[in-house]
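# An overview of the molecular structure
Here is how the chains run, residue by residue.
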Amino acid sequence: MPPRISPLQISAFTATSAVGVGKEPLAEALEHSRSGLRANDFGDAPLPTWIGRVDGLEDIRLPEALASWDCRNNQLAWLGLHADGFPEAVAAARARYGPSRIALILGTSTSSIGETELAYTQLDADGRFPVDQRRPAVHTPHSLAMFVQQVLGLSGPSETISTACSSSAKVFASAERLIRLGLADAAVVGGVDTLCGSVLFGFNSLELVSSEPCRPFDASRKGISLGEAAGFALVERVQGDAAAPLRLLGYGEASDAHHMSTPHPEGLGAERALDEALARAGLAPEAIDYINMHGTASQKNDEVEGALVARRFPATTHASSTKGFMGHTLGAAGIVESVISLLAIERGLMPGTVNTNLLDAGFGPQIRLAPAHGEVRYALTNSFGFGGNNCSLVFGKATA
């Protein structure tokens, strides 16, 4: 197992999803178990499913100086970046360290592929993109990071991580390494993914999409509800007396490579990621107060993760899946659920598992359907993606 790491402070964080823009609507939805899922109304021929769509996204217009970056994914990034005073927090860090000493690490599954899909429907007689779509930087997986780096005025190391559903959880691990190795003094981490045809029809072709709102860990679960979201956090070395009260304590990454879309039947990769996260945090499973589970409502994923949590954590641990609030936001799931975990610590609010009625008999008492209040010293969040790309994170209070 890896050695314990030096904690990093979380100086600012925000998330935007189907339940609203910023932390307050998210906290309100978690408090009252209010789902943001709705019947699918995305695209010209909507699949019969439920989605977590961000309202008003189509009305976002980027400033003229950034117009060449225009696409749904970057529109959502713009909306999400401007919540909760996040640009001001980054500007203060930029003044402290300089723009070249702040890394940018973002996760995404499909980036701006929705715009590329649109461009292919507009080919001219010679088979070329129309003039307004000849924007090579937009039609790449790195579009998101290049756009956000320009918006925030940063010039440090920039990474795009695309490891399916674990993408924007792994950004914290990369940030810790860059800061520990002296390549950066701080990092903006996060992720953005938006709805598009490739996502909806791709997951439908795998027979993973539910025809009703997803019901994680339910005995009668039928599959996932897809969503879109943006989330960001500012990670820095602990700043002495002026330190922020929330910490990144540990992370674990594992790649079990069992199957392209099915987790290892015994959860070996997921358990290794969990063990590494706890080791880097210097904690035993009994110390964790809240677990944000990956909990997609797919048959196999829930089965493997449910068994893992049941065998590793005491019955008193409060665990839940929050996919029923905003859907599975793919490359943005890790950051959104990290924000939820940070809110749990900050506010003593442990969310429930919405839409779920009857837990599968194979799962343990850790999984809760109703929200609860109480001190959360340490929170764990799991992100287990396709191909066995697994990541677990541990967050905690500075005083814990």
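How each quantity is defined
- Residues numbered from 1 in each chain as written.
- Predicted model: local features only at pLDDT ≥ 70, side-chain atom pairs only at ≥ 80, totals over all residues.
- Heavy atoms only, no water.
- UniProt positions renumbered as here; feature names shortened; annotations may be inferred.
- Axes fitted to C-alpha atoms, helices over the stretch in contact; angles between N-to-C directions.
- Helix = DSSP H or I, 4+ residues; strand = E, 2+ residues; numbered from the N terminus.
- Left-handed = near helix turned anticlockwise from the far one by under 90°.
- Contact = heavy atoms within 4.5 Å.
- Core = buried A, V, L, I, M, F, W, Y, C linked by side-chain atoms within 4.5 Å.
- Buried < 20%, exposed > 50% of the residue type's maximum accessible area, 1.4 Å probe, protein only.

Going by the annotation in an unreviewed UniProt entry, the name recorded for the chain is 3-oxoacyl-[acyl-carrier-protein] synthase-1, with Variovorax paradoxus given as the source organism. Listed under Sequence similarities (unreviewed entry) in UniProt, the entry text for the chain is "Belongs to the thiolase-like superfamily. Beta-ketoacyl-ACP synthases family."

Turning to the packing of helix α2 (residues 72-81) against helix α5 (residues 143-152), a few remarks are in order. Remark: α2 packs on α5, axes separated minimally by 10 Å, with the N-to-C direction vectors making an angle of 40 degrees. Considering the relative orientation of α2 and α5, their crossing is right-handed. Residues Asn73, Asn74, Ala77, Trp78 and Leu81 of α2 form the contact with α5, whose own contacting residues are Ser143, Leu144, Phe147, Val148, Val151 and Leu152.

This part takes up the nonpolar core. With 50 residues, the main nonpolar core has Ile10, Phe13, Leu26, Ile105, Phe172, Val189 and Phe395 as its most contacted residues. Here this core takes eight residues from helix α11 (residues 333-347), the largest share from any one element. Ignoring anything within four residues of it in the chain, the contact list for Val189 reads Ile105, Leu106, Val171, Phe172, Ala175, Gly231, Phe232, Ala233, Val235 and Ile335. Counting residues in each nonpolar core, the second largest holds 31 residues, with Leu62, Ile102, Leu144 and Val192 among its members.

This part covers the side chain of Glu176. Within the secondary structure, Glu176 is located in helix α6 (residues 167-180). Look past the residues within four positions of Glu176 in its chain and what remains in contact with it is Ile5, Leu8 and Tyr251.

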